[in-house]
Amino acid sequence: MEEQEGSSTESRHAPGGDAAPPGAWLYGPPDGSPQPVLASALTRLAAFIGDVVLFVVVLGSLVGVEAYLVGSPSGGVAAFAVLLFCYSPLCTAWWGGTPGKLLFGIRVVRARDGRPLTYGRALGRHMSHFGMQAVPLLNIINNARCVWNKPLKQCFHDVIAASVVVERPRRSRRND
């Protein structure tokens, strides 16, 4: 039977069955399997740049479709709103990351147990990141925080969503 999200048993077991101190944040599964490797700041930056490029391309395409359907471009407000609430949160909830993250082999998971984020948690993570981008100095501090934050390499938007960014497991090749 599956334990609930707030279960103290689930959040206090480290891989290998060792008990972790109360309140410890783990990013790996409590079943003893190895914890995933946390993503590096450079990989996260590359994935973000890839997502920005893709976002701009998709936004431009949607603005073009909107202009065609409406007869004149309305500045892309509707297209931007749809992408804002759908692109990152839906991709993160459904697949564990945006196309940029997946391309660079990383994904976003709950810090407590390594499970995928719900849409609500992914939306909160995205909106907090989006809000911090509006304040240039806060945006720089937020994004640089994963470099010095130990042990989980979390930016502020990760802390808000109780998430971590990890490398996707690599498939091992066997010669059978």
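This text goes with the structure placed above it.
This section reports on the structure supplied with the text.

About the cut-offs
Residues numbered from 1 in each chain as written. Predicted model: local features only at pLDDT ≥ 70, side-chain atom pairs only at ≥ 80, totals over all residues. Heavy atoms only, no water. Helix = DSSP H or I, 4+ residues; strand = E, 2+ residues; numbered from the N terminus. Expected span 1.5 Å × (residues − 1). Bend = angle between axes of the 7 residues up to and from the residue. Buried < 20%, exposed > 50% of the residue type's maximum accessible area, 1.4 Å probe, protein only. Contact = heavy atoms within 4.5 Å. Core = buried A, V, L, I, M, F, W, Y, C linked by side-chain atoms within 4.5 Å. Phe/Tyr/Trp six-rings, centres within 6.5 Å; stacked < 30°, edge-to-face > 60°.

Regarding helix α3 (residues 77–95)
A turn of α-helix holds 3.6 residues, and therefore any two residues three or four places apart point the same way. For α3, which comprises 19 residues, the first-to-last C-alpha distance of 26 Å matches the rise-based estimate of 27 Å (1.5 Å per residue) to within 8%. The largest bend in α3 is about 35 degrees, located at L83. For α3, the set of buried residues is A79, L83, L84, Y87, S88, P89, C91, T92 and A93. Buried residues in α3 make contact with α2 (41–70), α4 (99–103), β1 (106–110) and α5 (119–133). Immediately beyond the C-terminal end of α3, within one or two residues, lies G96, with a positive phi of roughly 90 degrees.

So, the nonpolar core
Formed by A39, A47, I106, V108, L117, A122 and V165, the largest nonpolar core amounts to seven residues. Setting aside its immediate chain neighbours within four residues, I106 contacts A39, T43, R44, A47, K101, V165, V166, E167 and R168. Counting six residues, the second largest nonpolar core, distinct from the first, contains V109, A111, L152 and V164.

Describing the packing of aromatic side chains
Taken as a whole and judged by the stated rule, the model has two aromatic pairs. Judged by centre distance (5.9 Å) and plane angle (75 degrees), the rings of F55 and Y87 are edge-to-face. Linking F55 in helix α2 with Y87 in helix α3, this pair joins segments that are 32 residues apart in sequence. When its relative accessible area of 12% is taken as the criterion, Y87 is described as buried. Both rings, one in W94 and one in W95, keep their centres 5.8 Å apart while their planes meet at 75 degrees; by these two values the pair is edge-to-face. Looking at W95, the relative accessible area reads 53%, which means it is exposed.

Digging into helix α6 (residues 136–148)
Taking 1.5 Å of rise per residue, the 13 residues of α6 would be expected to cover 18 Å, and the 19 Å separating its terminal C-alpha atoms lies within 8% of that figure. Restricting attention to buried positions, one finds in α6 the residues N139, N142, R145 and C146. Each element contacted by the buried residues of α6 is listed here: α2, α5 and α7 (156–161).

Geometry only, nothing functional implied.
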